[in-house]
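Spelled out, the chains give:
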Amino acid sequence: MQGILIEDLGIDFVKTCLTHYVGDVLFIGIFFAGILLFLTKKDQLQKYISTYTIFLFLTIFNPILVKVVLGPLGQDEVYYRFFWLLPVNLVIAYLFTHFTTIFSSKVKKVAVLCVCVGIVLYLGSPVIYARTLLNFPDNLYKVSDEVLEISEYIHEDSDEENPRIAIDSNLLMVIRQYDASLQLTLERDYVLCWQGHAQFQSKQKKADYQQQKAIMDVIYGGDTSNTYEFINAIQETETDYLVFSKSIQLYEYLVSLGMEHLVETDNYVIYNTHYEEAESYAILQSLNISEEEITISGIENEYSLFFVADSHISLCDERDSALLEKAGQRQAGFVDANGTESSIVFTRLIEASNMLEPDLFIMGGDIIDSAMYASIDYLADALEELDSPYLYGMGNHDFEYGDEYFSDTAYETYLPRLADFREDSSYQIQEYEDLIIFVADDQNNQISENTLNGLKEAIEKEKPIIVISHVPIEPTTDDTSLIDTSIQVWGAKKNGNSKVIIGENGCVPNEYTQEFVELITDEDSPVQLVLAGHIHFYHKDNLTENTVQIVTGPAYAGEGLLITLKPEV
Amino acid sequence: MNTIIIGLLFILELCLFFSTGLLLSKLLKCNLGSVTLTLFTGFIAYFCIFGIIAIPMILLSFPLSALTYTVMALSAVIIIVSLILNYKQCFHIVKELPHTISQHSFMIILLFIAVFLQQLIVFNHIDWSADASYYIGKVTTDVYTNTMGHYDPYTGEALSKLDSRRIFACFQEYNAVIAQFFDIHPLKQAKLIMPQILTLITSILYYQIGLQFFNRDKKKADLFVCFVILLDAFSYTIYTNSTFLLTRTYEGKSILANIIIPGLFYCFIILWKNQRTKFTSVLLLLISFASCIFTASSMLIVPVGLTAGMLPWIVKEKEWKQVWLYILCILPNLFVCVMYLLSSKGLVSFPIGG
C-alpha cells in the first residue's frame, strides 16, 4: 500500500492496512462474526478455522510484532498481501450455504438465499460493474486496435528490425506486451516521476532522467523551449519514432526540426525523427542566425562570411581565483533566452558555422569576457572544432582583467594570453584574390595608429575591402536610427551623445580614429561593407551611400550573421 | 480460426494438467476419485516439474527454445504415459459422467452459470497496469528474443544480469514456451488462455473446499462455489485476492492469492478433520514448492500460512511427526527468501551467460 509505512504509523500500521484492504467491502464483518461463532461450536473443523485466524491475528497481524519484526524488512508496501491468508469469502460462503440449506422448506431456502445475496449486493463493492461485463475486447490480444495500428505503421516505415520509440504514457505499459520488437526510450519509472508521482520523485537525480525528461517535456507537455536538449536526447537515445497524443500540437515545431509527420490514428500521432539529421536542425533552431546578401563591386568570386561578436564567455577557475566571483556573476548574465550559458551557445555557433561552411569565420570582439585561462582554453577547444579559417578582432572586453582595462598591464600581460588566436598586431587581415577582410582591434571606442596604418596598406592593394570594427560607426546618412536606438538601450553620455558608437554624436573619434572613419566613409573608399558588434542588438543601414554597415546581435544570445558577398552582375 | 486455436489450446493445456494429475495419483497409488481434484493436483504438480526444468536452464542462460522443446517433449511423454496407464480410469470417468452430474441435480446449472460469468468477467477485462507491462512484456520479449530474462521487458534493453528478485518465479516462462511452440502471440496465451485456466482451477478448488466443508455433499458444494464467486465479484478494493482474480488473473500474485493459499487451506481442512492421507502430505508439499514457481511474493506469505495452519494442529493433536512435513513445506520458500536477501544485499547475482 503506497504511502502507508510502519515507520510513520507505528502500531496503527496494521489497522490502517486492514481498513484500506477492506474498503467498502463491509460484509467482511460476517467473517469475523463467523470466526467468533465457530469458537462456541464443538465442530473440530470450525474450531480450527477459528484457531487459524486467531493465530494469524496473534502473529502476522499483531501490530507490535509487525512493527518490531516486519518493520526492518521493508515489506510495508506489500504487507496487505498477508490478508489473503484470511479465508474471508470461504467462511462467509460456508455460513451462507449452511444457513440456506439448514431449512427443509424450499420457500425458506429461497428466502434465506435471497437475504444472503441481498447482503452481498448491499454490503459489497463490485469488482466489475455490470455495464462493463459485456464490453468485449477490441481483439484477441486484449489491447486496443490503436496499438496494433501503431506497431504496423512503424514497421512499415522503418528499415530497422528494432525501431526505438518514445511513446505516449498511456501506451507505454502496453505496446511492448504486443510488440517486443519495439524498443522504448522512455522508462516507466521516469515517466511516473515526470507525471509527479510522489514515490518516484527520487528518480529526478538520475542522469538518464534528465535526458528522458527533455523528450517528455516535448511530447507529453508540449514544451518546445529546450530544442537543443530535446534533439540531444533524441540523438543520444537514438529514438527513431515519436508517438504521442494528438492533443499535443507540435506539427510545425517537429517539422522545422526535420522530423517527418508519418500518420495519425484516432488518438495518436506518429513522427519519424530522422534523428541522424536532426542535430543540424536543432542547432540552427536554437540559434538566431540572420542571413544577408551584399553585392560587392569589383569581386569576381562569391564569398560567404560567418560573423559573430559579443559571446562574452566568462569561464573562470582557480588559475584566475581573484576573478572567480565576478566571472560567476557575469556568466549568469550572459545566457540565451533558454538560460543556456554563453560558452555552450558559442560552441553551437561553431557547429552551425561548420554546417553552413562559410569561407571565413569572423569574431568581432568580446568573444571572451575577460582574459581568464578557463575562457581562453574553452575558446581554443571550440576553435579546434571549427572547419573554416577564422579571424579574431579584439573588443573592449577580451583582454581586460579585473581593473586592468586598456591599461599597459592589460596590453603587456593579458593580451598575449590570446596570442594563439591572432597575429601579433592590432588588426587581422585575410586577403583573397579579389577581396580583403580587415578586422580592426578596438581601443576603448577608438582605433590605434597601427590599425589605421594597416587599413591604409590594405587600401593600397586596390581591392574591395570589408572592415570589421567591434564598435559601430555613426552613419553619415540622415535616415539612420542607430544613435537614437543605442541611446535608448545603453543610455547617453552627459553631453547627450551615444556611449557605444564612434562618431560626432557618439564617442568622438581621436585623430587616428577620425582618419580611419574617413577612409571608410570616403566617397571613393574601397570599403563596401562594415560589420560591427558591441551594442548587443541587430542593426543594418547605410553607413554612406556606397557602404553598408551591419551590426550583429550578441552571440551569447545565439545571434550570428551569415553574409553572402556576391559579385556585381 | 484464431478463436478455435485458442479454444483447442485451452482444452489441450487442461488435458496436460489432468494427465499429470492422473499420473501422480498412479505414482502415489491413490485413486483421487474426482476429475476436478485430479485436474487441480495435476496443475500444481505440472508447475513443480516445470520449475525443476526451467530454473537451471534460466540460470545457465539456455535459449527459450531449449526449454520449449524439453518441456513439450516431457509434456508429450506425460500425456502418453498417463493415457496408457490410466485409459481404463478415463473410460470409467466418461462412463460415470451422467451419474456424477445427476448427483448435483439442478444446482449444476447454477454452478455453470456462475463459473461462466466469472470466466466472462476475466475474458472481457483489459488490464493495462504496470505489472502487466512487466509480466506480459517479459513473455513477449522472451519469445521474440528466444531468451529467458535477458532483456528488460519495459524497454527491450539488453540486461547484464538476471532479475534476481524473480529468478525462481518462472511461471511466465510457461506462457512463453506455449506461445513459442504453438506459434501463437504470447498475449493470447498469457492474457486469454491462461487466465481462463486459472479461473477455472480456482473454481475447482472452491468446489473441492466446499466438498470438504459439507462432507462431500455435491449440491451444497455447488451452492458454496456460487456464493464464493458472488462474494469475489463484490469484494473490490485494489488489494483483495478477488480483485487480483478478476482483473490481474495472469499474475503470479493472483495465483498465490487464489490458488496457492486456498490450496493450502484445502489441505489444512483435511488435516484439521484428521483425514490426512499420503496424498494430502504430497499435495501440501507440491503446493508449497509450486508457490515459489508462481511468484516471489510467496516467500513470506506461504511460510506464515503454513505455520498458522499446521503448528496449532500439530501441537493440539500431538502430531509431532508432522513437524517434518511442516519443515519440508516451508523450506522452498525459506530458500527463496534467503536468496532474495542475499541478492538484495548484492552478495549474490546471476550474470547472463554464466
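The preceding data block contains the structure.
Source: prediction; values computed, not measured.

(A) The overall build of chain B, seen in detail. Assigned secondary structure in chain B consists of 13 helices and zero strands. Across chain B, helices and strands are ordered from the amino to the carboxyl terminus as α-α-α-α-α-α-α-α-α-α-α-α-α. Expected size for 354 residues packed as a compact globule is a radius of gyration near 20 Å; at 20 Å, chain B falls within 12% of this value. Along the longest, intermediate and shortest principal axes, the C-alpha atoms of chain B span 55 × 55 × 45 Å. Of all intrachain contacts in chain B linking residues separated by at least 6 positions in sequence, the fraction that spans at least 24 positions is 73%. Positive and negative side-chain charges in chain B, numbering 23 and 16 respectively, have mean positions lying 12 Å apart.

(B) Broad picture of the interface of chain B and chain A. Contacts between the two partners involve 80 residues from chain B and, on the opposite side, 71 residues from chain A. Surface buried jointly by chain B and chain A totals about 7,000 Å² across both partners, of which 72% is contributed by carbon and sulfur atoms. For the interface between chain B and chain A, the tally reads one salt bridge. Where chain B packs against chain A, one counts 26 residue pairs in polar contact (both at pLDDT 80 or more).

(C) Just the layout of surface pockets, in detail. Residue and element names in this part refer to chain B. In this model, the second largest pocket occupies a volume close to 1,400 Å³. Within the residue set of the lining of the second largest pocket, elements represented by two or more residues are helix 1 (2–27), helix 2 (35–59), helix 3 (64–102), helix 4 (107–124), helix 7 (186–213) and helix 8 (218–233). By residue number, the principal contributor to the lining of the second largest pocket is helix 3, which donates 13 residues. When grouped by side-chain class, the residues that make up the lining of the second largest pocket number 24 nonpolar, 16 polar and three charged.

(D) View of the side chain of His312(A). All names here are of chain A. In this fold, His 312 is placed in the loop between strand 7 (303–308) and helix 16 (324–333). Classification of His 312 as buried rests on a relative accessible area of 1%. Engagement of the side chain of His 312 in a polar contact is seen with the side chain of Asp 369, the distance being 2.7 Å. Ignoring anything within four residues of it in the chain, the contact list for His 312 reads Arg 330, Phe 334, Ser 342, Asp 366, Ile 367, Ile 368, Asp 369, His 397, His 536 and Tyr 556.

(E) Summary view of the environment of Leu39(B). Residue and element names in this part refer to chain B. If you trace the backbone, Leu 39 turns up in helix 2. We classify Leu 39 as buried; its relative accessible area is 9%. Once the C-alpha coordinates of Leu 39 and Leu 16 are considered, the two residues, 23 residues apart in sequence, prove to be 8.9 Å apart. In this view, Leu 39 contacts Leu 14, Phe 17, Phe 18, Ile 201 and Ile 204; residues no more than four positions away in its chain are not counted.

(F) A look at empty space enclosed by the protein. Inspection of the entire model under this criterion finds five cavities of 30 Å³ or more. Space inside the largest cavity adds up to approximately 240 Å³. Along the wall of the largest cavity there are 23 residues; nearest its centre are Leu86(A), Pro87(A), Val88(A), Asn89(A) and Asn241(B). For the lining of the largest cavity, the elements supplying multiple residues, two or more each, are helix 2 (13–22) and helix 6 (88–101) of chain A together with helix 8, helix 9 (241–247) and helix 10 (252–272) of chain B.

(G) Region of interest: the packing of helix 11 (residues 278–294) of chain B against helix 13 (residues 322–344) of chain B. All names here are of chain B. Relative orientation of the contacting elements helix 11 and helix 13 amounts to 5 degrees, with a least axis distance of 8 Å. By the angle class used here, helix 11 and helix 13 are roughly parallel. Judged by residue contacts, Ser 281, Leu 284, Leu 285, Ser 288, Phe 289, Ser 291 and Cys 292 of helix 11 engage Leu 325, Leu 328, Cys 329, Pro 332, Asn 333 and Val 336 from helix 13. Each residue belonging to the contact of helix 11 with helix 13 can be placed in one class, and the counts come to nine nonpolar, four polar and no charged.

(H) Just the environment of His536(A), in detail. All names here are of chain A. Note that His 536 resides in the loop between strand 13 (527–532) and strand 14 (539–542). Looking at His 536, the relative accessible area reads 18%, which means it is buried. A sequence separation of 452 residues divides His 536 from Trp 84, and the C-alpha atoms of the two residues are 71 Å apart. With residues near it in sequence (within four places) discarded, His 536 still touches Asp 310, His 312, Phe 334, Trp 490, Gly 553, Pro 554 and Tyr 556. Within polar-contact distance, the side chain of His 536 engages the side chain of Asp 310 at 3.5 Å.

About the thresholds
Residues numbered from 1 in each chain as written. Chains lettered and ligands numbered in written order. Predicted model: local features only at pLDDT ≥ 70, side-chain atom pairs only at ≥ 80, totals over all residues. Heavy atoms only, no water. Helix = DSSP H or I, 4+ residues; strand = E, 2+ residues; numbered from the N terminus. Rg over C-alpha atoms; globule rule 2.2 N^0.38 Å. Contact = heavy atoms within 4.5 Å. Lys, Arg positive; Asp, Glu negative; His and termini not counted. Charge placed at Lys NZ, Arg CZ, Asp CG, Glu CD. Buried area = accessible area lost by both parts, 1.4 Å probe. Salt bridge = Lys/Arg side-chain N within 4 Å of Asp/Glu carboxyl O. Polar contact = N/O pair within 3.5 Å; in protein donor to acceptor, adjacent residues only side chain to side chain. 1 Å grid on protein atoms, 1.4 Å probe; cavity = no way out; pocket = protein on both sides within 12 Å on 5 of 7 lines; lining within 4 Å. Points joined across faces, edges and corners; volume = space filled by probe spheres on them. Nonpolar A, V, L, I, M, F, W, Y, C, P; charged D, E, K, R; others polar. Buried < 20%, exposed > 50% of the residue type's maximum accessible area, 1.4 Å probe, protein only. Axes fitted to C-alpha atoms, helices over the stretch in contact; angles between N-to-C directions. Parallel < 35°, antiparallel > 145°, perpendicular 65-115°, else oblique.

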